[in-house]
Each structure stands twice: as C-alpha cells, then as structure tokens.
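This is what each chain is made of:
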Amino acid sequence: MDGKRAGTIAVTGAVLLILLVLAAGCGTRTAGSPPAAAPRVSSTPLPSPAPSAPAVQVTIVPLTATPVQYQTYTDPAYPLTMNYPPGWVTSQPGDCSPRDYGRTTCNIVNFYSPENPAYRIFSVDVDPWPGSSLEDYFNDATVALSRNYAPVSGLRPTSQYQVSGYLAYRFDFVKADNSVEIAVFTITPDYRAYIFTYNAMEDRDFDTMIKSVAITPAATPAV
C-alpha cells in the first residue's frame, strides 16, 4: 500500500515537472529564436491631390492718350510762329490803340476758342517802340493795370518767364467782371515788345501756346 502511494506520488510529480517545463518554453523566447513577426496593418491609400488650375496670365496694356494735333500760326508781318489748339479760330485785327496796360500797341493776332459765349481769347500785341528796358516797361504796365484791376497776388504772384528763350515777366489780375486775365511781357533783342494776354485762368491751352512761341528777331540794331 505504501509502495503504491509512493509510486503514484512520484508519477504525479514527474507529470507536474513536465508541464512546468512546457509552460516555461512557451512563455520565454531563447536568445537565438527569431523575433515574432509584427502584425500587418491594412492602410487605405490617400486620395491624390486634385491638379491645380493653370495660372492665369494677365497682360497689362498701358493707356496712351491720343496726342492733340495743334495747329501752327505764322504771322505775315512779324517773325512770330506759335501753336494753337484745334478748333480755335484766328483773326488779325492789326489795330493800334492805347491798351489798359498804359501803352499804345498793335494787336497782330487773336486766337478764339470755340466755346461761345464763354470763349477764351489769347491775344498777341506788339509795341515797336518800347522806349525802356523790360523791367521798366513791365513796372509801368503793372502800375497802369493796378489802377483799374486787382492784382492776383494770392493766386499767382508776379513771376519771371521765358518766352522763345527771352526773359519775360507775367502779371495776373482780376478785371471788373471778376474774370482773371494773364499778361506776359517780353522785349526781344531787336528792341520790340511783345505782349501776350489770356482772358482766363491758367490752363493747358495757355501753357501750350505760350511755350510754343518762337520769335526770330533781326539782329540787334547798332547803337
């Protein structure tokens, strides 16, 4: 009886020992064993980005103003040429009479804008015998104009000018009807005074006309 029990205990112990060894082999990987393969993860491919729209090319075309075709006036009696706007008309009165700037001069040409009745007039007078220097001539003229009109010192002070390359002086004043008038005086080397008047405020037409004046006087007279 005791022998059988002892044999049974021995068998049971051996079985338990075998089970323990098998359990250890399953739970522990030896150093030489290959690593367990990583589980595969199925991935959904990302959608391809939509193709970008082609760049729009913008061509900038510069605006070019149509040049104004000015007309050219050439005086038949005096060495004067100048430009005037299209649509304007000219007259050549030729009358010589006292002017409001205190001199007797000859009105050789007038340019009239087409805007009647509020038209603009650009006039050219000539004084064949100025009798003084440009500075004295201009001072006498401004004194005479200031007797009847108000100088526009705030709007446009007395200023030096260049007309056809010659020194000139300008005087702006307000007339009795509250209109502004411009007067520009110069004396050429052949000792003639040219007076340019404009019965309006300074504008592009006035600037173009006064800058286009070309006077080709005769040689300076011998003293």
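Before reading on, note that the structure itself is shown above.
In this report, the structure presented in the accompanying data block is examined. For clarity, every value in this text was computed on a predicted model and none was experimentally measured. (Residues numbered from 1 in each chain as written. Predicted model: local features only at pLDDT ≥ 70, side-chain atom pairs only at ≥ 80, totals over all residues. Heavy atoms only, no water.)

Focus: the pattern of salt bridges
Side chains that carry opposite charge are capable of pairing whenever their charged atoms lie near each other. Inspection of every chain in the model, using the stated rule, returns nine salt bridges. For Arg 120, the salt bridge identified is with Asp 203, shortest N-O distance 2.9 Å. Here Asp 203 lies in the loop between strand 11 (193–198) and helix 3 (204–212) and Arg 120 lies in the loop between strand 5 (104–112) and strand 6 (121–127), a separation of 83 residues in the sequence. Residue Asp 203 is classed as partly exposed on the basis of its relative accessible area of 22%. Three or more residues joined by partner-sharing salt bridges are found here, namely Asp 95, Arg 99 and Asp 125. (Salt bridge = Lys/Arg side-chain N within 4 Å of Asp/Glu carboxyl O. Helix = DSSP H or I, 4+ residues; strand = E, 2+ residues; numbered from the N terminus. Buried < 20%, exposed > 50% of the residue type's maximum accessible area, 1.4 Å probe, protein only.)

Digging into the sheet that holds strand 12 (residues 214–215)
Spatially, 1-2-12 is the arrangement adopted by the three strands of the open sheet, whose pairing is antiparallel. Every other strand in the sheet has two partners, leaving strand 1 (71–74) and strand 12 as the edge strands with one partner each. Judged from the four bridges that link them, strand 1 and strand 2 (residues 80–84) form a sheet pairing that is antiparallel. Bridging across to strand 2, Thr 72 finds its partner in Asn 83. Against the sheet, helix 3 touches strand 2 and strand 12, its axis set at about 160° to strand 2. (Pairing = 2+ DSSP bridges. Contact = heavy atoms within 4.5 Å. Axes fitted to C-alpha atoms, helices over the stretch in contact; angles between N-to-C directions.)

A look at helix 2 (residues 134–148)
Helix length check: helix 2 (15 residues) gives 22 Å between terminal C-alpha atoms against 21 Å at 1.5 Å per residue, within 8%. Taken together, the buried positions of helix 2 are Leu 134, Tyr 137, Phe 138, Ala 141, Thr 142, Ala 144 and Leu 145. One side of helix 2 holds all its buried residues, which, seen down the axis, span an arc of 165°. Exposed and oriented more than 90 degrees from the buried face of helix 2 are Asp 140 and Arg 147. Against the buried residues of helix 2 lie strand 5, strand 6, strand 9 (166–174), strand 10 (180–187) and strand 11. (Expected span 1.5 Å × (residues − 1). Arc of directions from axis to C-beta.)

Overview of the environment of Val 180
Inspection of the secondary structure assignment puts Val 180 in strand 10. Remark: the alpha-carbon pair of Val 180 and Asn 199, spanning 19 residues in sequence, is separated by 6.3 Å. Apart from residues no more than four positions distant in its own chain, Val 180 is found in contact with Phe 173, Val 174, Tyr 198, Asn 199, Ala 200 and Met 201.

Notes on the state of the cysteines
All told, the structure shown has one disulfide when counted by the stated rule. The disulfide partner of Cys 96 is Cys 106, and the S-S distance across this bridge is 1.9 Å. Handedness of the Cys 96-Cys 106 disulfide follows from its S-S torsion of about 105°: it is right-handed. Remark: Cys 106 occurs in strand 5 and Cys 96 occurs in strand 4 (residues 96–98); sequence separation between them is ten residues. (Disulfide = S-S within 2.5 Å.)

Quick word on the side chain of Glu 181
Turning to its location among the elements, Glu 181 is positioned in strand 10. A polar side-chain atom of Glu 181 sits 3.4 Å from a polar atom in the side chain of Lys 175. With residues near it in sequence (within four places) discarded, Glu 181 still touches Phe 171, Asp 172, Phe 173, Lys 175, Thr 197, Tyr 198 and Asn 199. (Polar contact = N/O pair within 3.5 Å; in protein donor to acceptor, adjacent residues only side chain to side chain.)

Here's the deal with helix 3
Considered for burial, the residues of helix 3 that qualify are Asp 205, Phe 206, Met 209, Ile 210 and Ser 212. Mapping the buried residues of helix 3 onto a view down its axis gives an arc of 165°, with all of them on the same face. Of the exposed residues in helix 3, the ones pointing more than 90 degrees away from its buried face are Arg 204 and Lys 211. Where helix 3 begins, one side-chain oxygen reaches toward the backbone nitrogen of Asp 205, 3.2 Å away; that side chain belongs to Asp 203.

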